[in-house]
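Geometric and topological summary
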Amino acid sequence: GVVVAITDTGIDDVIHQSLRGKFVQGADFSGLLTVSNTNPDDDNGHGTHVASTAIGTGGNGDYEGVASGAELVDLKISTAIGGAMGSNLDDALEWCIDNKELYDISVISISFGSTYNSNGKDSTSQLVNQAVNSGITVVVAIGNDGTNIVPSPAAADLAITVGAVSDQGTVDRGDDSIAGYSNYGLRSDDGDSDNFDEMKPDVSAPGTGIMAAGHNSLNTYVTKSGTYMACPHVAGICALMKEALPGISPKEIREQLYR
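Residues numbered from 1 in each chain as written. Predicted model: local features only at pLDDT ≥ 70, side-chain atom pairs only at ≥ 80, totals over all residues. Heavy atoms only, no water.

**Some points on the overall build of the chain**
Which entries qualify depends on this criterion: Numbering of helices and strands starts at the N terminus; helices are DSSP runs of H or I of at least 4 residues and strands are runs of E of at least 2. Working definition: with a 1.4 Å probe on protein chains only, accessible area under 20% of the residue-type maximum means buried, over 50% means exposed, and in between means partly exposed. Values of accessible area rely on a 1.4 Å probe in the Shrake-Rupley scheme; residue burial ignores everything except the protein chains shown. A positive count includes Lys and Arg, and a negative count includes Asp and Glu. His and the chain ends are not counted in either. A charged residue contributes its charge at one atom only: NZ of Lys, CZ of Arg, CG of Asp or CD of Glu.
Scanning the chain from N- to C-terminus turns up five helices and 10 strands. Seen through its principal axes, the chain has C-alpha atoms that stretch 50 × 45 × 35 Å. Per-residue burial for the chain yields a buried fraction of 53% across its 259 residues. For the chain, the computed accessible surface area is about 10,600 Å², with 50% contributed by carbon and sulfur atoms. Separation of charge centres in the chain, based on 13 positive and 34 negative side chains, amounts to 4 Å.

**Comments concerning unusual backbone geometry**
Look at the link from serine 152 to proline 153: it is a cis peptide, with omega at 0°. The phi angle at aspartate 104 is positive, at roughly 55°, despite the residue not being glycine. The topology assignment puts aspartate 104 in the loop between helix H2 (88-103) and strand E4 (105-110). Judged by relative accessible area, which is 48%, aspartate 104 ranks as partly exposed. Located in the positive-phi region is glutamine 168, a residue other than glycine, with phi close to 60°. With respect to the helices and strands, the residue glutamine 168 is situated in the loop between strand E6 (160-166) and strand E7 (177-178).

**Points about the packing of helix H1 (residues 46-55) against helix H4 (residues 227-244)**
The cut-off we apply is this: Axis lines are fitted to C-alpha atoms, over the contacting stretch for helices. Their N-to-C directions set the angle, which ranges from 0 to 180 degrees. By convention the crossing between two helices is left-handed if the near helix lies anticlockwise of the far one by an angle smaller than a right angle, and right-handed if it lies clockwise. Residues are treated as being in contact if the distance between any of their heavy atoms lies within 4.5 Å. When residue character is reported, Ala, Val, Leu, Ile, Met, Phe, Trp, Tyr, Cys and Pro are called nonpolar, Asp, Glu, Lys and Arg charged, and the others, Gly included, polar.
Where H1 contacts H4, the axes come no closer than 7 Å and their chain directions differ by 35°. Between H1 and H4 lies a crossing whose hand is right-handed. The residues of H4 that touch H1, namely those facing His46, His49, Val50, Thr53 and Ala54, are Tyr228, Met229, Pro232, His233 and Gly236. Within the contact of H1 with H4, the residues separate by chemical class into five nonpolar, five polar and no charged.

**Examining a nonpolar patch on the surface**
Here is the rule: Within the patch definition used here, like charges are joined within 9 Å and nonpolar side chains (Val, Leu, Ile, Met, Phe, Trp, Tyr) within 5 Å, considering only residues with over 30% relative accessible area and no salt bridge. Here, a salt bridge means any Lys or Arg side-chain nitrogen found within 4 Å of an Asp or Glu carboxyl oxygen.
A surface patch of nonpolar side chains, amounting to about 410 Å² of accessible area, comprises Leu186, Phe196, Met199 and Tyr258. Inspection of the secondary structure assignment puts tyrosine 258 in helix H5 (residues 250-258).

**Quick notes on the packing of aromatic side chains**
Formally: Centres within 6.5 Å are what make two rings of Phe, Tyr or Trp a pair, Trp counting through its six-membered ring; a difference in plane orientation under 30 degrees is then read as stacked, over 60 as edge-to-face, and the rest as tilted.
According to the stated counting rule, one finds three aromatic pairs in the structure shown. Relative to tyrosine 221, the ring of tyrosine 63 lies with its centre 4.9 Å away and its plane at 40°, an arrangement referred to as tilted. A residue pair is termed long-range when its members are at least 10 positions apart, and tyrosine 63 in the loop between H1 and strand E3 (71-76) and tyrosine 221 in strand E10 (residues 221-224) qualify at 158 residues. An angle of 10° between the planes, with centres 5.6 Å apart, marks the rings of tryptophan 95 and tyrosine 103 as stacked. Tyrosine 103 carries the same exposure label as tryptophan 95, and that label is buried.

**Points about H4**
Using the following cut-off: Every helix has an expected span of 1.5 Å times one less than the residues it contains.
Here H4 is 18 residues long and its end C-alpha atoms lie 26 Å apart, about the 26 Å a rise of 1.5 Å per residue gives. Within H4, 14 of the 18 residues are buried, leaving the element largely enclosed by the surrounding structure.

**What about the side chain of glutamate 198?**
On the secondary structure map, glutamate 198 appears in the loop between E7 and strand E8 (203-206). Apart from the residues lying within four places of it in its own chain, the contact partners of glutamate 198 are Leu186, Arg187, Ser188, Asp189 and Asp190.

**Brief notes about the environment of alanine 80**
Looking at the secondary structure, you find alanine 80 in the loop between E3 and H2. Not counting chain neighbours up to four residues away, the residues in contact with alanine 80 comprise Thr9, Asn44 and Phe112.

Right under this line is the structure:
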């Protein structure tokens, strides 16, 4: 019953068995459509994979997502991962803030980002902070360059910023390590007296060799790697925490993840 907004390349929630029946509302900010009350399709596959990781049922359960009982708001911000994002994500974040109560949006998952190092003062990061202050938990991937870059909106003070872990292809937790492609901080200094908000990522999650839904198919599952795959794991965890403790705030969710 918890609603998770996925801001990505659209989602095949009508076609794919793992996501069918979850759709609550959607909007297309990619520039292809102008009507906001749409259910955007995925012409790339990235968004479907991300959504399936966070909230997919896995069809028969083999590739079940983290919060498989959660519901979906589908916000398309690009036609291709790495494509020009422009103000599309800003528009999607504003839409979530405006429609939070109408669609009971609890979590936003963002597996997108800029290419520059941000200090968290850019417009998109500030909108993430506004969304969190409105009561929405916002989870953002830190990026896949393997460099000391914290892009926007991963740099937002109040975002739960996610790095990626590799399990080295084993079930032994002892050999897990931060993936070589996962970006890392410190974030650029925003000039205030709080040095803690420069410490990014906030958490890390499985991101290597993640099996989740493919697009344009009823029951195809594919493997992808990246912090973009780690992010929806944490978004799903946040949804489970919201289910268990409906009154929990985004700040409290973040504090619990640190423990």
